[in-house]
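Given next are the chains, with one letter for each unit.
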Amino acid sequence: MKYFWVFLSLTTLLCTNSFAQKPDKPTSAELFHKIQKLNFLGTALYVAAHPDDENTSLISYLSNHEKARTVYLSLTRGDGGQNLIGPELRELLGVLRTQELLAARQMDGGEQRFTRANDFGFSKHPNETLKIWDKDKILADVVWTIRQIKPDVIINRFDHRTPGSTHGHHTSSAILSMEAFDLANDPNVYPGQLQSTTPWQPKRIFYNTSWWQYGSQEAFEKVDKSGMVRLDVGTYYPELGLSNNEIAAMARSQHLCQGFGRLTDRGSDNEYIELLKGDMPKNNDVFEGINTTWSRVKGGDAVGGILYKVEENFDFQNPSKHIPELVRAYQLLQNVEDEHWKTLKSEELKSIILAAAGLYLEASSTSASTTPGSKATINIEAINRSSPSIFLKEIEIIGANAKLNPNKVLGDNQRENFDIGFTVPENTSFTSPYWLNEPGTLGTYKVNDQGLIGKPETPSAFKALFTLEIDGVDIPFEKSVVHRYSRPDRGELYEPFAILPDVTSKIDEKVLIFAHAETKEVQVKIRAGKDGVSGAVELDRPSGWRVSPNSIPFSIAQKGEEISVTFQVTPPNSESEGKIEPKVSIGNKIHGNELVEINYNHIPKQSILLPSEAKVVRMDIKKSGEHIAYIMGAGDNVPESLEQIGYQVHIVDPNDIQNGDLDKYDAVVVGIRAYNVVDVLKFKQPVLFDYVRNGGTMIVQYNTAGRWANQFENIAPYHVTLSRDRVTDENAEVTILAPDNSLVNFPNTITEKDFDGWVQERGLYYPSEWSSEFTPILSMKDEGETDKQGSLIVAPYGEGHYIYTGLSFFRELPVGVSGAYKLFANMLSVGKDEVKKDTNVKG
C-alpha cells in the first residue's frame, strides 16, 4: 500500500509534460525537492534513437540527485516497433510510444524531445539510416534541440565509433549528437533557427558505456577508466522514500507496449560515462567546473540570495510562510536579462508559489470535444488553501475571445467556481499529432512550423490564463483546458479537450481483397462531431473500379452518434490496386478524415485524424482448405487478413487445447512472438506436434531469439536454432531455392515478382541452423551481406507439415501485398490434394 501512495505522489513530483495528466499536487517534501531543483542552474541532454533506449537510471539520477534539468532526446517515436498491448502499429504506435515516454518522464523527472526522424524499421548500418532519414534535416533538429535546451553536458546512449555493430538508428543518434556538439555554436549553421534561439556550446559530451560494450563484466573491470566518470545511480532519496533505481524501474515500466514492465530494485549501482569531448570533470562530478548557481546569470545573485534562504529554512509544516519571499524572488527574476533562464525559472517558481499556497486552479470543459464554430463552456475552479491573501483579477481563455474579471479575494479554503462560454473560432486547428498532419517520407516526418519541431505533442488548443495578485504582485498562471470527468470503475479522470471536425468517416477494413470480379459491399461509418449533422457521402475510387450508388444522403441527430451506409464496389476483371476514399459533404465543406482514438489506462486519451481510406486489391488467388486455427501471440492482424481471402479463422486459446481438438482444422497458425509471450505453449507442444504428425499443417511465425519464456526452445519437431538474422531492405532481391517445392507452386505459382511492393522489411529473426529434414525455400540478403536462407523453411513430420517463417507477413498482409497473400495461401495449402481440395477463393 505504501508504494501505491508513493507512486501517486511521484507522478506529481516533477515536470508535467502532458497537458492531460492529473494536476500537480505535491507534498511539502516534494515541494522542497522542487525548490532544490529551482536553485540548480544546470542542464543535461541525453541522446538516443528510440523510446525505451533511454537509461532511466541516469536520467533520474541527473534530475533528482544532481537536481539538473534533464532532457531525453529520442530521435524517433518508435513507429517501427511491435506492440504487445494492442493493434496500433506504424504512426499510431509512434503516438502511443510518445505518450509512454511522457509517462516515463513523469516518473524520473526528465523532459522529452524528438526530431522529425521516422522509425522506418531495423537498419543495419548508419549509412542506410542517415540516407533514409535525410541526414541534414535530422542533424538540423539535433542542433535545434541543443540551441533551445542549452545543455551543459550531453550524454550519448550509443557509441558513434562502432558503425555496423548495432542498430543503425542507434549509431546514427550518436553520430548526429557528436556533429551537433560542434555545430550548435556556429551562427553560420542553420542560421534560420536563430530567429527564435541563439547559438550554444555545451561544455562536454560523454558516451554512456557499460560492460556490454566490452563483452563481459570481467572484461570491463580490466578497462582503464581514467577517462570515465563513475556515478552511483542507486542513491536513496529519504524525502521520497525511494531509491533512484526504484524510480528508474517505475519509469521504464511505462513502456508497456514494448513489454518493459519490471520489478523495482534497490542498492548501489554504478553507471559509467566516457568523456568524448570537452574537459575531464573531477571527483566524478558531471557538472564540475560549470557554474550552476544563481550567479550564473546577470542579476541572479539577488534572486538566489532569497531562494537559498528559503531552501535553508524551509518550513515543512507551513510552506505558505515563504510566499512573500517567493513572490519577491519572482519579481526580481523578471529583471534578469538572460531570457532562457528567466523563462525556465519563472515557470518553476510559479509552480512552487502555487504549491506553497495550496492554490488549485483548473479549467475543465463540460464536454470531451467540440468543433470549430460550436459553443464551448469551461468550468473554472480556483481555491486558495492557505492564509496569505490572494486576489483573483482575471481569467482569459487563450485561443478564444473569452475573458472574465472576477476581482475576488480567494479566502482561505473557500472554493470559487465560474463558467466561461465562447464560440470556438472557425480557424481553430483540429486536435491531432502535429507530425502526422502532412504526408512525410519513409524516413522523415514533414513539419513546417519550426516552433513545433521537437515538441513531444501538439499544444493544447485552449489555455486558461489566471492573473492573480499575490503579496501585491500580479502573477500569470497558465493552465491547459482539459476535460475532467469520473467513471464508477476508475474514479476521477482527465483527458485532453479535443477539437474535432463536424464529421469523420472510416472504413473498418483497411484492405479489401477481391479475388475475382464479383461485387462486394463496403460499409462506410460516419460519426458526428456535433448535434444535427446532415449531408451526403461519396466514395472516390481508382480508374476501372465501379461504385454504386454514386452518393448516399445521411442525417445524424446527436454528437458522437455513428451510422453506417453501404456502397457496392465492383473491381475490374484484371489485377488492380488503388484506394477508395469516403468524401463527406456538409454544405460547401468536404470532410475526408478518419478519427482514431487510442485510450489506455496508463496514458491520456489520444485523438488522431488520418485520411479516411482503404486499399482495394484485385488479385487472382487460389487456396485450399477452409478452417484455420489461430493462436495469438504478441498481437497481429493476420487472422483478419486471411478472412479477406475466404478462410474461416478460429482464434484458439492454447490453455484449452487437448489432444484431438485441432484435427478439424486444415491448418494451425501461431502468431508472432507467441513463444515469447504465451507461457502455456511450452506445455502444448506435444499436442501441436501430434496434430502435425496426424496430417495437419502447422505454421509458426517469427519469435525473437534469446527471449524464450522460461528458456523454452523446443519450437519445432526437429532441430532449429533461431538467430538475429534479418533482411531489412524490403526491396532486397529474393531467390527461390526450391522451385519444385509446393510452397511456390500450389495452388498459386510464386515468382520473384511476388516480392515486389513489400513494406519495411523482408523479415526478421530467421533460423540460422536447421536439421536436414527442413527444406529452405527462399534466399535473400541485405547489401554487403551473405545470403540468408532461413526466412521460410518446411519439413514433413509424420503425415503433416511443419513450417517456420520469419517473413514479415504481419506487416505485409494488413497492407494488401498481393504476393504475400499468395505465398501464405500456399503455406496453408501445403500437402492438400490438388484435385479434390483446390478451390477458388470465395469473395
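A brief look at the structure comes next. (Residues numbered from 1 in each chain as written. Predicted model: local features only at pLDDT ≥ 70, side-chain atom pairs only at ≥ 80, totals over all residues. Heavy atoms only, no water.)

## Some words on the overall build of the protein chain
Here comes step 1: In terms of regular secondary structure, the protein chain is built from 17 helices and 46 strands.
Here comes step 2: Relative to a compact globule of 843 residues, whose C-alpha radius of gyration would be 28 Å, the protein chain shows 30 Å and is just as compact.
Here comes step 3: With the principal axes as the frame, the protein chain shows a C-alpha extent of 90 × 75 × 55 Å.
Here comes step 4: The burial tally for the protein chain puts 58% of its 843 residues in the buried class.
Here comes step 5: Excluding contacts between residues fewer than 6 apart, the proportion of contacts in the protein chain whose partners are at least 24 apart in sequence is 74%.
Here comes step 6: A distance of 3 Å separates the average location of the 87 positive side-chain charges in the protein chain from that of its 112 negative side-chain charges. (Helix = DSSP H or I, 4+ residues; strand = E, 2+ residues; numbered from the N terminus. Rg over C-alpha atoms; globule rule 2.2 N^0.38 Å. Buried < 20%, exposed > 50% of the residue type's maximum accessible area, 1.4 Å probe, protein only. Contact = heavy atoms within 4.5 Å. Lys, Arg positive; Asp, Glu negative; His and termini not counted. Charge placed at Lys NZ, Arg CZ, Asp CG, Glu CD.)

## Digging into the sheet that holds strand S2 (residues 69-74)
Here comes step 1: Strand order in the open sheet formed by seven strands is S3-S2-S1-S4-S5-S9-S6, and the pairing between neighbours is mixed. This sheet does not close on itself; its edge strands, each paired only once, are strand S3 (111-114) and strand S6 (228-232). The average undirected angle you get between the axes of adjacent strands in this sheet is 30°.
Here comes step 2: The sheet contact formed by S6 and strand S9 (residues 270-277) spans five bridges and is antiparallel. (Pairing = 2+ DSSP bridges. Axes fitted to C-alpha atoms, helices over the stretch in contact; angles between N-to-C directions.)

## Focus on unusual backbone geometry
Here comes step 1: The amide bond that connects Ser-548 to the next residue, Pro-549, takes the cis arrangement and shows omega of -5°.
Here comes step 2: Structurally, the position occupied by Pro-549 is in the loop between strand S26 (546-548) and strand S27 (551-556).
Here comes step 3: Phi is positive for Asp-471, close to 50°, though the residue is something other than glycine.
Here comes step 4: Within the secondary structure layout, Asp-471 lies in the loop between strand S17 (463-470) and strand S18 (473-480).
Here comes step 5: Positive phi, close to 55°, is recorded for Tyr-765, a residue that is not glycine.
Here comes step 6: Its place among the elements puts Tyr-765 in strand S41 (residues 763-770).

## Focus on the nonpolar core
As a rule of thumb, nonpolar side chains are buried together in soluble globular proteins.
Here comes step 1: Core analysis: the largest hydrophobic core is formed by 81 residues, its most contacted members being Leu-778 and Phe-824.
Here comes step 2: When residues of this core are assigned to their parent elements, the largest contribution, seven residues, is made by helix H17 (residues 818-829).
Here comes step 3: In this structure, Leu-41, Trp-294, Val-303 and Ala-464 belong to the second largest nonpolar core, which totals 57 residues. (Core = buried A, V, L, I, M, F, W, Y, C linked by side-chain atoms within 4.5 Å.)

## Some details on a positive patch on the surface
Here comes step 1: On the surface, a cluster of positive charge is made up of Lys-22, Lys-25, Arg-385 and Arg-490.
Here comes step 2: Relative to the elements of secondary structure, Lys-25 occurs in the loop between helix H1 (2-11) and helix H2 (28-38). (Patch = residues over 30% accessible without salt bridge, like charges linked within 9 Å, V, L, I, M, F, W, Y side chains within 5 Å. Areas by Shrake-Rupley, 256 points an atom, 1.4 Å probe, with all protein chains shown as cover. Salt bridge = Lys/Arg side-chain N within 4 Å of Asp/Glu carboxyl O.)

## Observations regarding the packing of helix H11 (residues 323-333) against helix H12 (residues 339-357)
If you want to describe how two helices pack, look at the angle between their axes and the distance between the axes.
Here comes step 1: Contact geometry for H11 and H12: axes closest at 10 Å, N-to-C directions at 165°. Classified by the angle their axes make, H11 and H12 are roughly antiparallel. In this structure, the crossing between H11 and H12 has a hand that is left-handed. Contacts between H11 and H12 involve Ile-323, Leu-326, Val-327, Ala-329, Tyr-330 and Leu-333 from the former and Lys-342, Lys-345, Ser-346, Leu-349, Lys-350, Ile-352, Ile-353, Ala-356 and Ala-357 from the latter.
Here comes step 2: Class assignment of the residues belonging to the contact of H11 with H12 gives a composition of eleven nonpolar, one polar and three charged. (Parallel < 35°, antiparallel > 145°, perpendicular 65-115°, else oblique. Left-handed = near helix turned anticlockwise from the far one by under 90°. Nonpolar A, V, L, I, M, F, W, Y, C, P; charged D, E, K, R; others polar.)

## A word on the pattern of salt bridges
Here comes step 1: Applying the stated criterion across every chain yields a total of 48 salt bridges.
Here comes step 2: Close ionic contact of Glu-179 with Lys-135 constitutes a salt bridge, the shortest N to O distance being 2.9 Å. With Glu-179 in helix H7 (residues 168-183) and Lys-135 in helix H6 (residues 135-149), this residue pair connects regions lying 44 residues apart in the sequence.
Here comes step 3: Residue class for Glu-179 comes out partly exposed when judged on its relative accessible area of 27%.
Here comes step 4: For Lys-135, a relative accessible area of 30% puts it in the partly exposed group.

## A closer look at helix H4 (residues 90-108)
Here comes step 1: In a regular helix each residue adds 1.5 Å, so 19 residues correspond to 27 Å; H4 covers 27 Å between its end C-alpha atoms and thus fits that length.
Here comes step 2: In terms of residue burial, H4 counts as a mostly covered element, since 17 of its 19 residues are buried.
Here comes step 3: Directly after H4, the chain includes Gly-109, whose backbone phi takes a positive value near 90°. (Expected span 1.5 Å × (residues − 1).)

## Examining the environment of Gly-168
Here comes step 1: For Gly-168, the location among the structural elements is in helix H7.
Here comes step 2: The class for Gly-168 is buried, based on a relative accessible area of 0%.
Here comes step 3: Leaving out residues up to four positions away in the same chain, Gly-168 has contacts with Ser-123, Lys-124, His-125, Pro-126 and Thr-129.

## Some thoughts on the sheet that holds strand S44 (residues 792-797)
Here comes step 1: With respect to topology, seven strands assemble into an open sheet ordered S36-S35-S37-S38-S45-S44-S42, the strand pairing being mixed. Taken across any chain shown, the strands that pair with only one partner, and hence form the sheet edges, are strand S36 (648-651) and strand S42 (775-776).
Here comes step 2: Bridge count between S44 and strand S45 (residues 800-805): six bridges; the pairing is antiparallel. By the bridge assignment for S45, Ala-795 is matched with Tyr-802.

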